Amino acid sequence: MSNITGTVPSNTFVQKWVKDVTAMCQPDEVVWCDGSEAERERLTRVAVQCGDLITLNQEKLPGCYLHRSALNDVARTENLTFVCTEQKEDAGPNNNWMAPAESYDRLSKIFSGSMRGRTLYVIPFLMGPLGSPFSKVGIQVTDSVYVVLNMRIMTRMGKTALDHLGGSDDFTRCLHSKADLDMDRRFICHYPQDNTIWSVGSGYGGNALLAKKCLALRIASKLGQKEGWLAEHMLIVGVESPDGEINYVCGAFPSACGKTNLAMLVPPASMKGWKIHTIGDDISWLHVGPDGRLWAINPEAGFFGVAPGTGSKTNSNAMAMVNRDTIFTNVALRSDGTVWWEGHDDPVPAGAQDWRGKPWDAKSGHPAAHPNSRFTVSVKQCPTYSPEWEKPEGVPISAILFGARRQKLVPLVYQSFNWQHGTFLGATLASETTAAATGAVGVVRRDPMAMLPFCGYNMGDYWGHWLSLAKRATNPPKIFRVNWFQRNEQGKFLWPGFGENLRVLRWVIERSKGGGQAEETAIGYVPKPSSLNGGELNISKADLNRLVAVDREGWKNNLKGQGEYFDKFGDHLPAGIREEHQALADRLKA
Ligand code: GTP
Ligand code: SPV
Ligand code: MN
C-alpha cells in the first residue's frame, strides 16, 4: 500500500480511477495536489533536491528555475503519438493508429511498477474559465514533480477543478509516467471513446503536460465534433484601434511559427493609439453564440513559449513577463545564475553552460539554448493580459488567420471569398518544419489548420465539421491566410514581422467589417500595398509589391500536390473541399 498525503476528494469516480492506476504503477507515495502556494513552495524544494530544477539567481530572477530535460527528450515525438480508436479509419491518415486493446496491453506492461520508489502526484485541473459551460475537467496522474509545477502554471489546478466536476464522471483521465525515459518505450496514446490519455517515457512539453495538446486539442477536437464546437491550435488577441473599438482575432500557425509573438505584439511607434489585449497564445475553443458569431475561450492558464528569438526588439512583452516566477526548460545558464538564449538582448555570454549543462562559448559550434527551449509562465504576468480571459462566454471573433512559414509563393496576407473557401485555405496550409517536434527542420509539409499533429480524428471528417458550422454560425469570422516568412534571394526576410504585423491585423479587421482596399485575384482578396503602408514602414516599394504579389504559375504547380493530398482522405473528403480545389484550378486557368 502506498502512503497517501493531501485531501482525497469525495468524487468516487476520481477515487476509483486513481486507486486503479496506483495499483498498476505502484508508487511509494500518493500526493493529492491542491494547487496552493504552500504546495508550490514544498514541491519546488522537492524538485530542487531531486535535480529536476536548478535554482536561478533569486535577486535577478525571483521565483525562477531552470529545468534540463533528458538529451533524448527535447520536443514532441509525433511518430510515437497514437490515436487508439476501434476503427483505424476513425483516426484517419493524419494519425498513427493502434487498436485500443493492443495499446492498453502494451502500455500497461510499461506502466506496471513504473513508479516504484517514486511519488505519484494527482493533479485535478480545469481547462477554461471558472463557471463556463465550455470548461472541461481533467485529472492527471504523474511521477514528475516538474510536470506538476508546470501544470500548476498552465491550468487552473486544484479545488477549482474539483468544484467544477462535483460528483460527475465527466473528466479526462490523464495518466503519465516518465518511466525510464527510453525512446523505445515511449508512447503518447489517446482513447477518445474512453476520454483517456496514457503517456509514458517522456517528461517534455506536449508529451507530458497532458492538459495541453493531448486533452485541449486531440481529445477536445473529437468532443467538439460530437458536441458542435471547435478545438483549435489558435492564439486569441484583442486589437484596439485608436477610437477604442476592440476586435478579436484568432490565428492558427504551426508550432514555432509565431502565435505567442502575435498574441502579445507591441504596436510599432508609427501606429499611435493602437493597443493589444492578450487572451491566449496556443489553443482556442470556439463555440457558436446565440448571435451566430463564433466565441472563443482560451482553455489554458499559462504560456509554454519558445525562448530563442525572444528579445526586447522582437517581443518586449514576453521579456517583461519572464523575469519572475518562470520555469525555463533547456535554455543556457550564465555564470551569475541567470538565463540566456539565442536572440536574447544580452551579448553572447562568457563562461556559460549550454542547455545540457556543458561549458559553452561562441566557438562551440552549436546553440547554447536548445532551439525548442521554452519558458512556462502564467498568462497574468503578460503586460498585455486581458481580464476577458476569465469571461465564461469568451470573446466574439471577427477574423481567423491561417499562417505558416513559407519562403516563397504565399503572399503576406490574403482574404478568402467565404467560409467554405476559408476552410479550404486552412485545409491547404503547409509550412516549413521547426524544432518544436523531433525530425528534420525546414522541410515543407502539409499541416492543415496547423492541426496535423493535433487533430484527434479523421482530418477529412474534421474539414466536414468545419464546413457544417456555417449552418449554425450565421455571422462567422472572415478567414485569411498570412505569411510573415517570405525571403529574398539572399535569404533575408522580406517583411519585418513582429510589431509590424499589426499593419496586417489592421487591414484584416477593416476587411472583416466590409471595408479596406483589396484586389480580387485567383487565390483571394489581396491588399493594395498602400493599405499596409502609411508611415514609417521601413521597406522598399519593390519588396512591398513582391510581398503581396500572386505567382499564378507557382500556384498552378501547387494544385497537383493539393489534389494528391486530398485523395488520401477518400470518402471522408467533404465535397466542399473538392469543389474549392476545382474552383481554384478554374480561376488559375481563366
Ligand atoms: P508554439 O509554442 O510551438 O506553438 O509556437 P508559436 O506559434 O507560439 O511561435 P512563437 O511566437 O513562439 O515564435 C516562434 C519563433 O518564430 C520565435 O523564434 C520567434 O522569434 C519567431 N517569430 C515570431 N513571429 C515572427 C515574425 O513576425 N517574423 C519572424 N521573422 N519571426 C517571427
Ligand atoms: C507546440 O509544439 O505547438 C507547442 C509546444 O506549443 S508543446 O507543448 O510541446 O506542444
Ligand atoms: Mn503550440
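In what follows, the structure referred to is the one given above.
Just so we're clear, the structure is a prediction, and the values are computed from it rather than from any experiment.

## Observations regarding the coordination of the manganese ion (ligand 3)
Working reference: metal with six octahedral donors, ideal angles 90 or 180 degrees; metal with four tetrahedral donors, ideal angle 109.5 degrees. Around the manganese ion (ligand 3), the protein contributes the donor atoms Lys213 (NZ), His233 (NE2) and Asp282 (OD), at 2.1 to 2.6 Å from the metal centre. Going along the chain, you hit the donors of the manganese ion (ligand 3) in the pattern K-x19-H-x48-D. Residue His233 is found in the loop between strand E13 (230-232) and strand E14 (234-240), and its partner Asp282 is found in the loop between strand E16 (275-280) and strand E17 (284-288); the two are separated by 49 residues along the sequence. The class for His233 is buried, based on a relative accessible area of 0%.

## Some thoughts on the state of the cysteines
Here the structure, examined in full by the defined rule, presents zero disulfides. We note that Cys250 lacks a disulfide partner, and the nearest cysteine sulfur, in Cys382, lies 16 Å from it. In this structure Cys250 comes out as buried when scored by relative accessible area, which is 0%. Among the cysteines around Cys382, which has no disulfide bond, Cys64 carries the closest sulfur, lying 15 Å off. Under the relative-accessibility criterion, Cys382 is labelled buried at 3%.

## Notes on the sheet that holds strand E25 (residues 374-378)
A sheet is described by the order of its strands in space; here five strands give the open sequence E3-E4-E20-E25-E19, paired in mixed fashion. A strand with exactly one partner marks an edge of an open sheet, and here the two such strands are strand E3 (54-55) and strand E19 (302-306). Note: E19 against E25, five bridges, orientation antiparallel. Along E25, the bridge assignment pairs Phe304 with Thr376. This element, helix H5 (residues 145-154), spans strand E4 (65-67), E19, strand E20 (327-329) and E25 of the sheet and lies at about 115 degrees to E19.

## Focus: the environment of Thr160
As for its placement among the helices and strands, Thr160 is situated in helix H6 (residues 159-165). With sequence-adjacent residues up to four places away left out, Thr160 is seen in contact with Leu126 and Leu130.

## Examining the side chain of Thr423
Along the chain, Thr423 falls in helix H11 (residues 419-427). Given the relative accessible area of 0%, Thr423 is considered buried.

## Details of the packing of aromatic side chains
Evaluated as defined, the whole model comprises 24 aromatic pairs. Their ring planes at 90 degrees and their centres at 5.5 Å tell us that Trp463 and Phe566 sit as a pair that is edge-to-face. Residue Trp463 is found in helix H12 (residues 459-472), and its partner Phe566 is found in helix H16 (residues 552-567); the two are separated by 103 residues along the sequence. One exposure class covers both Trp463 and Phe566, and it is buried. Both rings, one in Phe485 and one in Phe493, keep their centres 5.9 Å apart while their planes meet at 65 degrees; by these two values the pair is edge-to-face. An aromatic cluster is built from Phe424, Trp463, Tyr565, Phe566 and Phe569, whose rings are joined through pairwise contacts.

## Focus: the site of ligand 2
All residues adjacent to ligand 2 are Arg76, Gly205, Gly206, Lys212, Lys213, His233, Ser255, Asp282, Phe304, Arg374, Ala436 and Phe454. Measuring from an oxygen atom of ligand 2, one finds a side-chain N or O atom of His233 at 3.3 Å. Interatomic distance of 3.5 Å between a side-chain N/O atom of Asp282 and an oxygen atom of ligand 2. For ligand 2, the accessible surface in isolation is 280 Å², of which the surrounding protein chains cover 98%.

## Focus: the site of ligand 1
Lining the immediate environment of ligand 1, one finds 22 residues, of which Ala256, Lys259, Thr260, Asn261 and Arg374 sit closest. Contact distances for ligand 1 include 2.9 Å between an oxygen atom and a backbone N or O atom of Gly258. Burial of ligand 1 by the protein chains amounts to 92% of its free accessible area of 660 Å². Of all elements in the fold, only helix H9 (259-263) and E19 reach the threshold of two or more residues within the shell around ligand 1. By residue number, the principal contributor to the shell around ligand 1 is H9, which donates three residues. Looking at the shell around ligand 1 residue by residue, the classes come out as 10 nonpolar, eight polar and four charged. Counting contributing residues, the shell around ligand 1 receives three or more from each of domain 2 (231-301 + 386-589) and domain 3 (303-381).

## Structural notes on unusual backbone geometry
The phi torsion at Asp325 lies on the positive side, around 40 degrees, for a residue other than glycine. Relative to the elements of secondary structure, Asp325 occurs in the loop between helix H10 (312-321) and E20. The class of Asp325 is partly exposed, set by a relative accessible area of 31%. Of note in the backbone geometry, Phe498 takes a positive phi value of approximately 50 degrees without being a glycine. Following the sequence through the fold, Phe498 ends up in the loop between strand E30 (478-482) and helix H13 (501-512).

## A look at the pattern of salt bridges
The tally for this structure, following the rule as stated, stands at 30 salt bridges. Between Glu240 and Lys275 there is a salt bridge, with the nearest N and O atoms lying 3.9 Å from each other. Taken together, the positions of Glu240 in strand E14 and Lys275 in strand E16 put the pair 35 residues apart, joining distant regions of the chain. The buried category is assigned to Glu240, whose relative accessible area is 14%. With relative accessibility at 47%, the residue Lys275 sits in the partly exposed group. Taking the shortest distance from any N to any O, the salt bridge between Glu388 and Lys391 comes out at 3.1 Å.

Rules and cut-offs
Residue numbering note: each chain is counted from 1, following its sequence as written. Following the order in which they are written, the chains are lettered starting with A and the ligands numbered starting with 1. Local features in this predicted model are restricted to residues whose pLDDT is 70 or higher, and side-chain atom pairs enter the listing and the counts only when it is 80 or higher, whereas totals over whole chains, interfaces and linings include all residues. Excluding hydrogens and water, the side-chain values take into account all heavy atoms of the structure. Distances decide who is a donor: an N, O or S atom must be within 2.8 Å of the metal, or within 3.2 Å for Na, K and Ca. Water is not included, so sites may look incomplete. Numbering of helices and strands starts at the N terminus; helices are DSSP runs of H or I of at least 4 residues and strands are runs of E of at least 2. When accessible area is computed with a 1.4 Å probe and restricted to protein chains, residues below 20% of their type maximum are described as buried, those above 50% as exposed, and intermediate ones as partly exposed. Criterion for a disulfide: a pair of cysteine sulfur atoms at a distance within 2.5 Å. Strand pairing is assigned whenever DSSP detects at least two bridges linking the two strands. Whether two residues touch is decided by their heavy atoms; if any such pair falls within 4.5 Å, the residues are in contact. Axis definition: a line fitted to C-alpha atoms, over the contacting stretch in the case of helices. Angles run 0 to 180 degrees between N-to-C directions. Two rings from Phe, Tyr or Trp (for Trp, the six-membered ring) form a pair when their centres sit within 6.5 Å of each other. Planes less than 30 degrees apart are called stacked, planes more than 60 degrees apart edge-to-face, and all others tilted. If a single non-hydrogen atom of a residue is within 4 Å of a molecule or strand, that residue counts as near it. Residues adjacent in sequence count toward polar contacts only when both atoms are side-chain atoms; beyond that, a polar contact is any pair of N or O atoms within 3.5 Å, and within protein one must be able to donate a hydrogen and the other to accept it. Throughout, the Shrake-Rupley method with a 1.4 Å probe supplies accessible areas, and for residues the shown protein chains are the sole cover considered. The classification used treats Ala, Val, Leu, Ile, Met, Phe, Trp, Tyr, Cys and Pro as nonpolar, Asp, Glu, Lys and Arg as charged, and all other residues, Gly among them, as polar. Delimitation of the domains relies on an automatic or database domain assignment. For this document, the term salt bridge refers to a Lys or Arg side-chain nitrogen within 4 Å of an Asp or Glu carboxyl oxygen.

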